[in-house]
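Here's the letter readout for the chains.
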Amino acid sequence: MVDSVPDQLEKATLTIVPASANPRPGPGKTLNFQFNPQSYTVSKSATWSRSDAQCAQEAGPIQWQGAGPKQMSLQIFLDRSDAANASVIDDVNTLFACCTPTATSKASEKPSGPYVLFGWGKNLSFWAVVTSVSVEYLMFWPNGDPYRARASLSLEQVDAPTPKQNPTSGGLPARRTHTLLEGETLAHVAQSEYGDPGAWRVLAEANGIDDPMRVRSGDRLLVPSPAEALGAPGTPGTPRPAEPEPAGI
């Protein structure tokens, strides 16, 4: 039996959120890949210590010390050749900013870079920090602006556990994702998820979307739970006051 092929190609994304002491990542920005990576590598290590033993014929006894964080390395191919004089510089600066403290963290005197989450379809990686970014510019407009580049990223896992799903525990339910279909808007998703198209602002805020009219089919959204989006914890389905939709949404 041959597995069915999806009608729409899933695009990989990198979600960038401010580091939080909660320790729960909050709303952020999603960088949508124009081209999916050909491959990515995930590794994990563990630390063991071995003590010397004079009578041991092969090696001394070994003792577990702890698990190391997961590591991921991947390449992102950036291309803006579809628009005259468009540049990849903004996307590159977004990636470089992952290696610098955010303005909010500096203001709180606890400087920290953001958390990131690599996702591809239903496959989500671990929350991580970016430990290195290297960019190779490949093609240029006549004025010297690069419109094609290849970025290499190294990520390291951070301790950002998923919140508890018991409403009485005080934690918020875990978020899931939704990939926009052709012609689908934030209002459509809000109606489907929450029964209230006016809750599109919840989706916009959770995904760092400034202009809801610029979402496109294939974009992947983080979807807050109904308890988080529509009411206080423990009272899912309690709607917020109706909010007007932007024209055309």
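Residues numbered from 1 in each chain as written. Predicted model: local features only at pLDDT ≥ 70, side-chain atom pairs only at ≥ 80, totals over all residues. Heavy atoms only, no water.

Chemist: How should the overall build of the chain be read in this particular structure?
Modeler: A count of helical and extended segments in the chain gives five helices and ten strands. Expressed as a percentage of the 249 residues in the chain, the buried residues total 37%. Taking as baseline every contact in the chain between residues at least 6 positions apart, the subset at least 24 positions apart corresponds to 62%. When the accessible surface of the chain is summed, it comes to about 14800 Å², and 51% of that surface belongs to carbon and sulfur atoms. (Helix = DSSP H or I, 4+ residues; strand = E, 2+ residues; numbered from the N terminus. Buried < 20%, exposed > 50% of the residue type's maximum accessible area, 1.4 Å probe, protein only. Contact = heavy atoms within 4.5 Å. Areas by Shrake-Rupley, 256 points an atom, 1.4 Å probe, with all protein chains shown as cover.)

Chemist: What am I meant to see in the pairing of strand S1 (residues 12-17) here?
Modeler: Each regular strand carries side chains that alternate between the two faces of the sheet. With six of six residues buried, S1 is to be regarded as a mostly interior element. Side-chain alternation along S1 places Ala12, Leu14 and Ile16 on one buried face and Thr13, Thr15 and Val17 on a second face that is also buried. Both S1 and strand S5 (residues 115-120) contribute to a ladder of six bridges, which runs antiparallel. Across the sheet, Ile16 pairs through a bridge with Val116, a residue of S5. (Pairing = 2+ DSSP bridges.)

Chemist: When you look at the nonpolar core in this model, what are you seeing that I'm missing?
Modeler: The nonpolar side chains of a soluble globular protein tend to be buried with one another. Of all hydrophobic cores here, the largest spans 24 residues; its most connected members are Leu14, Leu74, Ile76, Leu95, Val116, Leu153 and Leu155. At the level of secondary structure, the elements contributing two or more residues to this core comprise S1, strand S4 (62-79), helix H1 (89-96), S5, strand S7 (128-140) and strand S8 (146-157). Sequence-distant contacts of Leu95, defined by excluding residues within four places in its chain, comprise Leu14, Leu31, Ile76, Leu78, Val133, Ala151 and Leu153. Leu180, Ala190, Val215 and Val223 belong to the second largest nonpolar core, which has 14 residues in total. (Core = buried A, V, L, I, M, F, W, Y, C linked by side-chain atoms within 4.5 Å.)

Chemist: What is the right way to read a nonpolar patch on the surface from this model?
Modeler: Judged by side-chain polarity, Ile89, Phe96, Tyr137 and Phe140 come together as a nonpolar surface patch covering roughly 340 Å² of accessible area. Among the elements of the structure, H1 and S7 are those that each provide at least two residues to the nonpolar patch. You can see Phe140 is positioned in strand S7. When its relative accessible area of 44% is taken as the criterion, Phe140 is described as partly exposed. (Patch = residues over 30% accessible without salt bridge, like charges linked within 9 Å, V, L, I, M, F, W, Y side chains within 5 Å. Salt bridge = Lys/Arg side-chain N within 4 Å of Asp/Glu carboxyl O.)

Chemist: Could you clarify how one ought to interpret the confidence of the model for the chain in this entry?
Modeler: If pLDDT is low for a region, its predicted coordinates should not be looked at in detail. Counting all residues, the mean pLDDT for the chain is 76, and 76% of those residues have values of 70 or more. Of all secondary-structure elements in the chain, the lowest mean pLDDT belongs to helix H5 (residues 226-230), at 64, while S7 reaches the highest, 95. Across residues 1-6, confidence stays below pLDDT 50; counting only partners more than four residues off in sequence or on other chains, it has zero contacts. Within the model, pLDDT remains below 50 along residues 232-249, and this stretch shows 32 contacts once partners closer than five positions in the same chain are excluded. (pLDDT = per-residue confidence, 0-100.)

Chemist: Which parts of the structure should I look at to understand helix H3 (residues 186-194)?
Modeler: Side chains that are three or four residues apart share a direction in an α-helix, a result of its 3.6 residues per turn. All buried positions along H3 are accounted for by Leu186, Ala187, Val189, Ala190 and Tyr194. Angular distribution of buried residues about the axis of H3 spans 160°; they occupy a single face of the element. Gly195 occupies a position one or two residues after H3 and carries a positive phi of about 70°. (Arc of directions from axis to C-beta.)

Chemist: Hey, could you run me through the pattern of salt bridges in this one?
Modeler: Opposite charge on two side chains allows them to pair when their charged atoms are near. Overall, the coordinates contain three salt bridges when judged by the stated rule. Two residues, Asp91 and Arg80, come together in a salt bridge whose shortest N-O distance is 2.6 Å. Here the residue Asp91 occupies a position in helix H1, and Arg80 occupies one in the loop between S4 and H1, the gap between them amounting to eleven residues. Judged by its relative accessible area of 10%, Asp91 is buried. With a relative accessible area of 26%, Arg80 lands in the partly exposed category.

Chemist: Help me understand H1, please; the structure alone is not making it clear to me.
Modeler: Considered for burial, the residues of H1 that qualify are Asp91, Val92, Thr94 and Leu95. Down the axis of H1, the sector holding all buried residues measures 155°, keeping them to one side. Lining the buried residues of H1 we find S1, strand S2 (29-32), S4, S7 and S8.

Chemist: Whenever I open this one, the environment of Ser134 confuses me. Can you help?
Modeler: Note on placement: Ser134 falls in strand S7. By relative accessible area, which is 45% here, Ser134 ends up partly exposed. With 19 residues separating them along the chain, Ser134 and Leu153 place their C-alpha atoms 6.7 Å apart. Not counting chain neighbours up to four residues away, the residues in contact with Ser134 comprise Arg150, Ala151 and Ser152.

Chemist: I'm lost on the packing of aromatic side chains in this one. Help?
Modeler: The geometry of an aromatic ring pair is captured by two quantities: the separation of the ring centres and the angle between the planes. Under the definition given, this model contains six aromatic pairs. Summarising the aromatic geometry, the rings of Tyr40 and Phe118 are spaced 5.0 Å apart at their centres and angled 70° between planes, so their arrangement reads as edge-to-face. Placement of the pair is Tyr40 in strand S3 (residues 40-50) and Phe118 in strand S5, with a sequence separation of 78 residues. Judged by its relative accessible area of 28%, Tyr40 is partly exposed. Under the relative-accessibility criterion, Phe118 is labelled buried at 1%. (Phe/Tyr/Trp six-rings, centres within 6.5 Å; stacked < 30°, edge-to-face > 60°.)

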